[in-house]
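# Geometric and topological summary
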Amino acid sequence: MSILAASSTTATFVAPHVEFGKLSPMLIAFGTATLGILVEAFAPRKQRYGIQVGLALVGIAASFAAVLALAGTTASVVAQGSVAVDGTTLFLQGTILVISFVAFLVIAERKTDQNQDAFAAQGASVPGSAAERETTRRGWQTTEVYPLLMFSVGGMLLFPAANDLLTMFVALEALSLPLYLVCGLARHRRLLSQEAALKYFLLGAFSSAFFLYGAAMLYGYAGSVNLAVIAQHVAHPTAGSTLLYTGVALLGMGLLFKVGAAPFHMWTPDVYQGAPTPVTGFMAAATKIAAFGALVRVLDVGLGVNSAENVWRPVMQAVAIITMIVGGVLALTQRDIKRMLAYSAILNAGYLLIGVTSTTAQARAAVLFYLPVYGVAIIGAFAVVTLVRDAGGEATDLSRWAGLGRRAPIPAALLAVFLLAFAGIPFTSIFIGKFAIFQAALAAGSPDLVIVAVLASALAAFFYLRVVVVMFFSDPLPQGPTIAHPSIAVKTALAVAAFATVALGVAPSLLLHLANNSAGILAK
Amino acid sequence: MSHGYLSPTGLEIAFVLIGLVTLGSGLLVVTVKNLVHAALWLLVCMGSIAVEYLLLTAELLAWIQVLIYAGAIIVLFLFGLMLTRAPIGPTEELNVRHRWPALIVGLGAAGTLVTVIVQAYQHTWFDPRGAVPLGSGEALGTQLFKYWVLPFEVLSVLLLAALVGAIVLSRRGRDTEEAEA
Amino acid sequence: MDTYVPVLILGLIAGGFAVFSVIMGAMTGPKRYNRAKYDSYECGIEPTPQPVGGGRFPVKYYLTAMLFIVFDIEIVFLYPWAVAFDSLGWFGLAEMFLFILTVFVAYAYVWRRGGLEWD
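Residues numbered from 1 in each chain as written. Chains lettered and ligands numbered in written order. Predicted model: local features only at pLDDT ≥ 70, side-chain atom pairs only at ≥ 80, totals over all residues.

## Side note on the overall build of chain B
- Within chain B one finds seven helices and zero strands.
- Going from the N terminus to the C terminus, chain B shows its helices and strands as α-α-α-α-α-α-α.
- In chain B, buried positions account for 27% of the 181 residues. (Helix = DSSP H or I, 4+ residues; strand = E, 2+ residues; numbered from the N terminus. Buried ≥ 20, exposed ≤ 12 C-beta atoms within 10 Å, placed from the backbone.)

Laid out in structure tokens, this is it:
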């Protein structure tokens, strides 16, 4: 609907019909978060942790139930064209919620670190000061992280569903802002954490500005921010395409920043390293899912016309190739496990971009399959990282991990499962995911991308396997890190993640089937 | 009614003149050596943009520009100068070492924008005072509640998150109730 | 646009008055300079000397600024709602109520955290 046409009816305002049912997953998430803030305001300090964790988990579960209830309904565009509730949306929302549930189990963990969670006792204390030690001694906690992360979950649910650029922007901010904050709240290595938060915030603000500028230009081009209207204008152009391509380029920068694709990946290693490790896992999995969902929607719904595809596809393919090369080569040189996993996340964004650029329903299904299996594995990997501890927090330097497999066989074996999956060893879920994406890319006629991806995978296998070798075939250090014994919640999360990684590698048909069914339905 | 660039109306002349004020104050923001002066020049820049909006009959946008940007954002800038150890007087630190690359990037960006806008609209003539009173508060209010209810409500949630974040990052000490006890 | 002519005239009168006052003050007033007159004016009290190195202001100012910005943005949305209130009816009222309620949750939180105290 053009904004000009709409405004002629200014005189007679008819209250719009708001489809609360279709919007319920995000409304529940935002409502839970707001309730959490009220808990922060009125519950006594000692009880906050328990209430917040319970509330967040119940909220995620309720939201997931809402997604399940919507699963059978017909695809439709609701909230006056702002939100598309279709198979792809619901699949991604369900995935984000499952991933968030597992991530919250790890985030809420207190047993690994002397009955403290992973967050600073008081974010405003000067690192290393007496005030900081005092607040820690009193056992204060920044329980605000749970409602803040719920805000982020709400934004992530809205981001891949947004059907116009304005809603998409608001969702982008709602998902990013809490993450900027939480990144700066790590309990240990405060300075590194604060630096990460500042970098993430500044670069994120820049990328948001690019996104907004791009959205403004597309509005100038089509007279609407609605993706369907933009698609109509692209198909039947009424004006020159300068605004269109400039707008798409700027919009693309904003989105590629969020998915962590090169050359917009600079923030990833620093932020992944500095953020509290459980939050890193959550970001690496859930943000990636939401951002790829939004990217798919912009490209397939807004710019899915052949004439436009021919313009953006070569650019995106180049981005995919650069991303895979940067991720693969730089991961090789890392000495820190969190940084290595960050570069591996960049590499995986490259694989996913191959799927996105192929634009067939088959490729979209492959992307939909890849996102959850990758997300579960990366959360599991970061959860294992939280268990290996030194006096100053987690021991993330790879040299400290020597011989871990002999001293702590179970965590090391779990990490080995995730790393072997990343490396694309057969009978793991990510192997199936990669296979599906490469197959779709070959069918769509881009073998060059697949060749680069296979080479990058071979390179990647080297650094994943190096960690496995260090863990199992090196002698343990005399003063090696200690292995924390996690609570039953983290054990469950790890078991679920490892089981899913193996089971979906051996018997992927159920999820593949679901992804195939969901990918075909894209409300326009 | 014929449109042309050769016989501008008074309004168009005013638009160009205020545009020059905007450009000049913008240049001063990045060239003066005194941080506080730069912030005050930014105020002039924001204010003149508000007048440009007004000349294009985007009334509400003009007032938002005054309220949020000229009012709140500049205040936040000055607070920022106060809270960090930013020098109040003239300082050599503001001498940009990469002056020439910055100039090239700036001119490049401006050139691109001008090209894009000219390319897109060279054959289009907008009459800002046309039949559609789009810029008024009433029209935008109706639009807002008709089409943008969901982003509007999500925005309130975003504001909530921002404020909570500000407290989390900056507030020290006990809660109200604990201080009383 | 014509509605802005009175605003413009008022602005011109105000600006003219300011310029007139400064010029007339400089022309007609006596000029007796001393040290007190060269000091910065701080509401009549002795100016606080600035500590060496510039000193640092407490972060409480920042909190106040943040509160101000958030409510400023809220006001911006109240304005179009208020002028279109008659046509928006109950729906508009309900939506605006929800909006303000959400922002006031933040207010309750700030109050309980002691963000409004200046100790």
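## Let's talk about the overall build of chain A
- Summing up its helical and strand segments, chain A has 21 helices and five strands in all.
- Overall, the C-alpha framework of chain A stretches about 75 × 55 × 40 Å when taken along its three principal axes.
- Looking at chain A as a whole, 59% of its 524 residues are labelled buried.
- A separation threshold of at least 6 residues defines the contact pool for chain A, and within that pool the share at least 24 residues apart is 81%. (Contact = placed C-beta atoms within 7 Å.)

## Section: the nonpolar core
Residues and elements named next belong to chain A.
- Of all hydrophobic cores here, the largest spans 241 residues; its most connected members are F159, L218, V367, A377 and I379.
- Ranked by the residues each element gives to this core, the list is headed by helix α15 (residues 361-385), at 19 residues.
- When residues no more than four places from it in sequence are discounted, the contact partners of A377 are F418, A421, F422, I430, A497 and T501. (Core = buried A, V, L, I, M, F, W, Y, C linked by C-beta atoms within 7 Å.)

## Topic: the domain arrangement of chain B
All names here are of chain B.
- Splitting chain B by domain gives domain 1 (1-115) and domain 2 (133-173).
- Each partner contributes to the interface: domain 1 provides five residues, whereas domain 2 provides four residues.
- When grouped by side-chain class, the residues that make up the side of domain 1 that touches domain 2 number three nonpolar, one polar and one charged. (Domains from an automatic or database assignment. Nonpolar A, V, L, I, M, F, W, Y, C, P; charged D, E, K, R; others polar.)

## Some words on the interface of chain B and chain A
- Across the contact, 29 residues belong to chain B and 41 residues belong to chain A.
- Every element with two or more residues in the side of chain B that touches chain A is listed here: α4 (99-121), α5 (137-147) and α6 (149-170) of chain B.
- Among the elements that make up the side of chain B that touches chain A, the one with the highest residue count is α6 of chain B (15 residues).
- Its residues assigned to classes, the side of chain B that touches chain A comprises 20 nonpolar, five polar and four charged.

## Here we look at the sheet that holds strand β5 (residues 482-483) of chain A
Residues and elements named next belong to chain A.
- The antiparallel open sheet is built from three strands, whose spatial order is β4-β3-β5. In this open sheet, the two strands that pair with only one neighbour each are β4 (393-394) and β5.
- Of the pairings in the sheet, the one linking strand β3 (residues 388-390) to β5 comprises two bridges and is antiparallel in character. Across the sheet, residue R389 finds its bridge partner in β5, namely T482. (Pairing = 2+ DSSP bridges.)

## Topic: helix α12 (residues 277-302) of chain A
Residue and element names in this part refer to chain A.
- For α12, with 26 residues, the first-to-last C-alpha span of 36 Å sits near the 38 Å given by 1.5 Å per residue.
- Of all bends in α12, the biggest is about 25°, found at M283.
- Summarising burial for α12: 26 of the 26 residues are buried, a large majority. (Expected span 1.5 Å × (residues − 1). Bend = angle between axes of the 7 residues up to and from the residue.)

## Some details on the interface of chain B and chain C
- Contacts between chain B and chain C engage 40 residues on the former and 40 residues on the latter.
- Of all the secondary-structure elements, those providing two or more residues to the side of chain B that touches chain C are α3 (59-83), α5, α6 and α7 (176-180) of chain B.
- The leading source of residues in the side of chain B that touches chain C is α6 of chain B, at 13 residues.
- Of the residues in the side of chain B that touches chain C, the class split is 26 nonpolar, eight polar and six charged.

## Some details on unusual backbone geometry
All names here are of chain A.
- Of the consecutive residues A262 and P263, the connecting peptide bond is found in the cis state with omega at 0°.
- Positionally, P263 belongs in the loop between α10 (242-259) and α11 (267-274).
- Positive phi values are uncommon outside glycine, yet A79 reaches one of about 55°.

## As for the environment of W41 of chain B
All names here are of chain B.
- Tracing the backbone through its elements, the reader meets W41 in helix α2 (residues 35-55).
- Spatially, the C-alpha atoms of W41 and L27 are 9.0 Å apart, while their sequence positions differ by 14 residues.
- If near-sequence neighbours (up to four positions away) are discounted, W41 is found in contact with S25, L28, V29 and V32.

## Some details on the packing of helix α2 (residues 20-42) of chain A against α6 of chain B
- Where α2 of chain A meets α6 of chain B, the closest approach of the two axes is 11 Å, and the angle between their N-to-C directions is 35°. The two elements α2 of chain A and α6 of chain B meet at a crossing, and its hand is left-handed. Taking contact as the criterion, the partners of F30, T34 and I37 of chain A in α2 of chain A are, on α6 of chain B, V157, L160 and V164 of chain B.
- Class assignment of the residues belonging to the contact of α2 of chain A with α6 of chain B gives a composition of five nonpolar, one polar and no charged. (Axes fitted to C-alpha atoms, helices over the stretch in contact; angles between N-to-C directions. Left-handed = near helix turned anticlockwise from the far one by under 90°.)

## Considering the environment of L67 of chain C
All names here are of chain C.
- Mapped onto the elements of the fold, L67 is located in helix α3 (residues 60-83).
- Residue L67 is classed as partly exposed on the basis of its 18 C-beta neighbours within 10 Å.
- The spatial distance from the C-alpha of L67 to the C-alpha of G89 is 29 Å, given a sequence separation of 22 residues.

## Brief notes about the packing of helix α8 (residues 190-222) of chain A against helix α9 (residues 227-235) of chain A
Residue and element names in this part refer to chain A.
- Running from N to C, α8 and α9 point in directions that differ by 55°, and their axes come no closer than 9 Å. In this view, α8 runs oblique relative to α9, as classed from their interaxial angle. The interaxial crossing formed by α8 with α9 has left-handed handedness. Contact with α8, carried on its side by L218, Y221 and A222, involves V229, I230 and H233 of α9 and no other residues of that element.
- When its residues are assigned to classes, the contact of α8 with α9 shows five nonpolar, one polar and no charged. (Parallel < 35°, antiparallel > 145°, perpendicular 65-115°, else oblique.)

## Thoughts on the confidence of the model for chain A
All names here are of chain A.
- Residues at a pLDDT of 70 or more form 97% of chain A, whose mean pLDDT is 89.
- For chain A, per-element mean pLDDT is lowest for helix α1 (residues 3-7), which scores 43, and highest for helix α6 (residues 145-158), which scores 96.
- Segment residues 1-10: pLDDT under 50, and 19 contacts once partners within four positions in sequence are set aside and those in other chains are kept. (pLDDT = per-residue confidence, 0-100.)

## So, the confidence of the model for chain B
- Averaged over chain B, the pLDDT score is 82; the fraction of residues at 70 or greater is 82%.
- Across the assembled chains, the prediction reports ipTM 0.89 with pTM 0.91.

## A short note on helix α19 (residues 447-473) of chain A
All names here are of chain A.
- Under the 1.5 Å per step criterion, the end-to-end length of α19 is 37 Å for 27 residues, consistent within 8% with the ideal 39 Å.
- For α19, the set of buried residues is L449, V452, A453, A456, S457, A460, F463, Y464, V467 and M471.
- At its buried positions, α19 is contacted by α13 (306-332), α14 (337-358), α16 (404-407), α17 (409-422) and α18 (429-443).

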